[in-house]
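The primary structure of each chain is shown beneath.
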Amino acid sequence: MRSRSYDPDLTPPWKKSEPVREVPAERDLVVEEAATGYCGAVTRVEKTPEGLTVTLEDRHGRLRVFPMVPRGFLIDGEPVTLVRPRAPAARGPLLSASGSVAVTGAKARVARAGRIYVEGRHDAELVERVWGHDLRVEGVVVEYLEGVDDLPAIVAAFGPAPGARLGVLVDHLVPGSKESRIAASVTGPDVLVVGHPFVDVWEAVKPSSVGIPGWPKVPRGEDWKTGVCRALGWGHLSTGEAWQRILAAVGSYRDLRPELLGRVEELIDFVTGG
């Protein structure tokens, strides 16, 4: 007796969805998000830990980010599945995420004696995201401090010299702040301390890249990152998870504010110029 073969898909025929066409999410393609009815033009596609997302811009210039789920969008009322567009053929020199000409085929240079220090892990991850290629070509190592209070002792232990320069990137480096006083105490011919005006490096990412209207104002006395997550409706995320969402929105230097861009470039030039 022959055994009866079964289709592994046990979904009743009347409940099966008809396949829909896949459409590349090309920039400026206008689509409607099926669940919310939000209509907008595609501005970017990003790969996140949760999967691909698409950012849509409506006619008022507002941005929203949606997961690229099957049958998740409509084009002229027709359900479609958005897929990642093919990368265009390279034209001209290949650029790194920092905007510099990428050096292809080159091995990472042996690490220099000089170093760049940043305040925390998030700062280091953002610098690696945008300037990682440049740093490996130049042999510059980035380390993080977990705050600036111990910076004088760290600089003294490092022993900066003409062939071993030290660059430091500080958050919220504004006149009269604790950070500015510490920076002034260690600055010298072979030590360069620069900073940006933001409370945290999160703010150095352009809000439009993250898909938010702006970085919220957090009341004094409340933990800044926790307050940001609360104000943005990200209360279900840990600050680490929120940071990964922000970091995933950074594809190149274009996603960062100039107050950070210039300072990191300045540090790289300083450390490699000695």
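The structure we're discussing is the one just above.
Calculation criteria
Residues numbered from 1 in each chain as written. Predicted model: local features only at pLDDT ≥ 70, side-chain atom pairs only at ≥ 80, totals over all residues. Heavy atoms only, no water. Helix = DSSP H or I, 4+ residues; strand = E, 2+ residues; numbered from the N terminus. Buried < 20%, exposed > 50% of the residue type's maximum accessible area, 1.4 Å probe, protein only. Contact = heavy atoms within 4.5 Å. Areas by Shrake-Rupley, 256 points an atom, 1.4 Å probe, with all protein chains shown as cover. Pairing = 2+ DSSP bridges. Axes fitted to C-alpha atoms, helices over the stretch in contact; angles between N-to-C directions. Expected span 1.5 Å × (residues − 1). Parallel < 35°, antiparallel > 145°, perpendicular 65-115°, else oblique. Left-handed = near helix turned anticlockwise from the far one by under 90°. Nonpolar A, V, L, I, M, F, W, Y, C, P; charged D, E, K, R; others polar.

Caption draft 1: Spatial organisation of the overall build of the chain. Assigned secondary structure in the chain consists of seven helices and 11 strands. Within the chain, the fraction of its 274 residues that count as buried is 42%. Long-range contacts, defined as pairs at least 24 residues apart, comprise 63% of the intrachain contacts of the chain with a sequence gap of at least 6. As displayed, the chain offers around 16,000 Å² of accessible surface, 52% of which is attributable to carbon and sulfur atoms.

Caption draft 2: Local environment of the sheet that holds strand β5 (residues 63-67). Pairing in this open sheet of seven strands is mixed, and the strands run β1-β7-β6-β2-β3-β4-β5 from one edge to the other. At either margin of the open sheet sits one strand with a lone partner, and together these are β1 (22-24) and β5. Put simply, the sheet's adjacent strands are angled 50° from each other on average, direction ignored.

Caption draft 3: Looking closely at helix α7 (residues 258-273). Compared with an ideal rise of 1.5 Å per residue, which puts 16 residues at 22 Å, α7 spans 22 Å between its outermost C-alpha atoms and is within 8% of the ideal. Of all the residues in α7, the buried ones are L260, L261, V264, L267, I268, F270 and V271.

Caption draft 4: Up close: the packing of helix α1 (residues 121-138) against helix α6 (residues 239-248). Two elements in contact, α1 and α6, have axes whose closest approach is 11 Å; the angle formed by their N-to-C orientations is 20°. Considering their axes alone, α1 and α6 lie roughly parallel with respect to each other. Taken as a pair, α1 and α6 cross one another with a handedness that is right-handed. From α1, H122, E125, L126 and R129 reach across to α6, where they touch T239, W243, Q244, L247 and A248. Looking at side-chain class alone, the contact of α1 with α6 contains four nonpolar, three polar and two charged residues.

Caption draft 5: Just the sheet that holds strand β9 (residues 141-144), in detail. With parallel pairing, the four strands of this open sheet are ordered in space as β9-β8-β10-β11. Of all strands in the sheet, those with a lone pairing partner are β9 and β11 (191-195), marking the two edges. The average angle at which neighbouring strand axes cross in this sheet is 20°, direction not considered. Taken together, the four bridges between strand β8 (residues 115-118) and β9 define a ladder with parallel strand orientation. Counted as the bridge partner of I116 is V142 from β9.

Caption draft 6: A look at the packing of α1 against α7. Between α1 and α7, the shortest axis-to-axis distance is 12 Å and the interhelical angle comes to 25°. The angle between α1 and α7 falls in the class roughly parallel. Two packed elements cross with a definite hand, and for α1 against α7 that hand is right-handed. Contacts from L126, V127, W131, L135 and E138 in α1 reach L260, L261, V264, E265, I268 and T272 in α7. Here the contact of α1 with α7 is composed, by residue class, of eight nonpolar, one polar and two charged.

Caption draft 7: Summary view of the environment of P79. Its place among the elements puts P79 in strand β7 (residues 78-83). Assessed through its relative accessible area of 30%, P79 is described here as partly exposed. C-alpha separation for the pair P79 and A34, spaced 45 residues apart in sequence, amounts to 7.8 Å. Apart from the residues lying within four places of it in its own chain, the contact partners of P79 are V20, R71, F73 and L74.

These values are about where atoms sit, not about what they do.
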